[in-house]
Amino acid sequence: MNIATSKELFERAKDYIPGGVNSPVRAFKAVGGDPIFFAKAEGAYMYDEDGNAYIDLINSWGPMILGHANRGIEEAIFKAVIGSPSFGAPSRMEVELAELITEMVPSIEKVRMVNSGTEATMSAIRLARGFTKRDKVLKFEGCYHGHGDSFLIAAGSGAMTMGTPNSPGVTEGTAKDTLLAPFNDLEKVREVVASNKDQVAAIIVEPVAGNMGCVLPEPGFLEGLRSICDGEGILLIFDEVMTGFRLSSGGAQEVFGVRPDLTTLGKIIGAGMPVGAYGGRKDIMDFVSPQGPVYQAGTLSGNPVAMAAGYAQLSYLNDHPEVYEKLEKTTLKIMDGYKKVLKKHKLNYTMNQIGSMISLFFTDQKVIDFETAKTCDTDLFGKYFRYNLDNGVYLPPSQFETWFISTCIGGDEVNKIISTFEDFLNQS
Ligand code: KE4
């Protein structure tokens, strides 16, 4: 493939932007080669600066669940931007979107809009600390909750990919208030909570971990966290930045029937525009300024254009719940196709899937947490990633990321994804 323009842009970008990218995982560091620069996208495809087409299995890391250039969302954005892109004052769409989110996610009685998933999780733990008057937060190894200092300890996603799960720049003072446990290990959670009696403000968890690759909760894990929190006066925070409106119109909490005290959201609620949100029990949310004492603010929070985009996408998902069945069917076809190829090649690589989240792990171990995810052959993943890229399939550039399926991925794309896997194994 001719990717000369991407190469030229990357050389320029490296002079002005750290690593030439505005988010580390995009730099292809873990998979080798230089990042592709994209010019436009439509449906299931993205097109780079040299006009090459790629089936997109990242979908902007989740937001483009309805595929790229969805006409309804584009019209909503065009209409909103004419009025003025920002008022810095309350506007109608903030109320409409807040109302819709509280309708779609029953545990969310009140919600505050912010500009990213990171802002949402940072604000949620500050709120939990203010509400409970406790300092410590428990997170799970390999889970990623954005780049807030408290979370860059044993963090997944780009931090894991870059080999910096514990980032320099996070002070001892901050790190001491972040407690860790392996994902899916309730015994360890009980132990850690017991040795920090009455000091833990919140347990924050990705109800389905997407940042070690897709890792599902073992049966009873989420319910166990709920009962530990109930017993210890700890707030349970579901970080649904990725799973929110992805796994169902009510997120993972609706799929698993476990009600958190607070939920963080992002990605799909902005439909590609920068939006995050946190919400939950009214008595807790009323602790947020100006209603309560916990301060949190943002110049562009509730931005009218972003609200219009998010409202268009969420109202479509709310009115068309059949979308989730379609997404799961497509994802299962991909998984079945991979399993047939693996069987033919007598390989036992692990695949995890739920709804339209799926991961192929280059390990034969069951992947249930950070340690088992780390048994993957990341070099082999890198080779697989680059083979796909050369053949017009765009996977997330890291073994430790979930693939995201959109409603625009159909039979032709599924066949191409599977045949590319088979060709890769045949040429290996
Ligand atoms: P943002 O600040 O990137 O909007 O959201 C942070 C975040 C919080 N919680 C969860 C569960 C997340 O998955 C994320 C961000 N996800 C990564 C992809 N694994 C963002 C991609 C990137 O860092 O470029």
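Residues numbered from 1 in each chain as written. Predicted model: local features only at pLDDT ≥ 70, side-chain atom pairs only at ≥ 80, totals over all residues. Heavy atoms only, no water.

Quick look at the sheet that holds strand β13 (residues 393–394) now. What the four strands build is an open sheet, ordered β1-β2-β3-β13; its pairing is mixed. Strands with a single pairing partner mark the edges of an open sheet, and in this sheet they are β1 (38–42) and β13. Sheet topology places strand β3 (residues 53–56) next to β13; two bridges connect them, and they run parallel. Across the sheet, residue D56 finds its bridge partner in β13, namely Y394. (Pairing = 2+ DSSP bridges. Helix = DSSP H or I, 4+ residues; strand = E, 2+ residues; numbered from the N terminus.)

Further remarks concern the site of the ligand. Every one of the 17 residues lining the ligand counts as a neighbour, but S23, T118, N211, D239 and E401 are closest to it. T118 is positioned with one of its side-chain polar atoms (N or O) 2.7 Å from an oxygen atom of the ligand. In this structure, a nitrogen atom belonging to the ligand sits 2.7 Å away from a side-chain N or O atom of E401. In isolation the ligand exposes 540 Å². Once the protein is present, 88% of that is buried. By residue class, the composition of the shell around the ligand is five nonpolar, eight polar and four charged. (Near = heavy atom within 4 Å. Polar contact = N/O pair within 3.5 Å; in protein donor to acceptor, adjacent residues only side chain to side chain. Areas by Shrake-Rupley, 256 points an atom, 1.4 Å probe, with all protein chains shown as cover. Nonpolar A, V, L, I, M, F, W, Y, C, P; charged D, E, K, R; others polar.)

Attention shifts here to the state of the cysteines. In this structure the tally under the stated criterion is zero disulfides. Of all cysteine sulfurs in the structure, the one in C214 sits closest to C143, which takes part in no disulfide; the separation is 12 Å. A disulfide-free cysteine, C229 has its sulfur positioned 14 Å from the sulfur of C143, the nearest such atom. (Disulfide = S-S within 2.5 Å.)

Glancing now at the domain arrangement of the protein. Often the size quoted for an interface is simply the accessible area lost on bringing the parts together. For the protein, the assigned domains are domain 1 (4–69 + 322–427) and domain 2 (71–319). Spacing between the C-alpha centres of domain 1 and domain 2 amounts to 25 Å. Where domain 1 abuts domain 2, roughly 3,200 Å² becomes buried across the two surfaces, and 65% of that area is made up of carbon and sulfur atoms. On the domain 1 side of the contact with domain 2, Y324, I354 and F370 bury the most area, a combined 23% of that side's loss. Where domain 1 touches domain 2, the interface holds two salt bridges. With a closest N to O distance of 3.2 Å, E42 and R71 form a salt bridge. Linking domain 1 with domain 2 are 15 residue pairs in polar contact (both at pLDDT 80 or more), by the criterion used here. Of the residues assigned to the side of domain 1 that touches domain 2, the class counts are 23 nonpolar, nine polar and seven charged. (Domains from an automatic or database assignment. Buried area = accessible area lost by both parts, 1.4 Å probe. Salt bridge = Lys/Arg side-chain N within 4 Å of Asp/Glu carboxyl O.)

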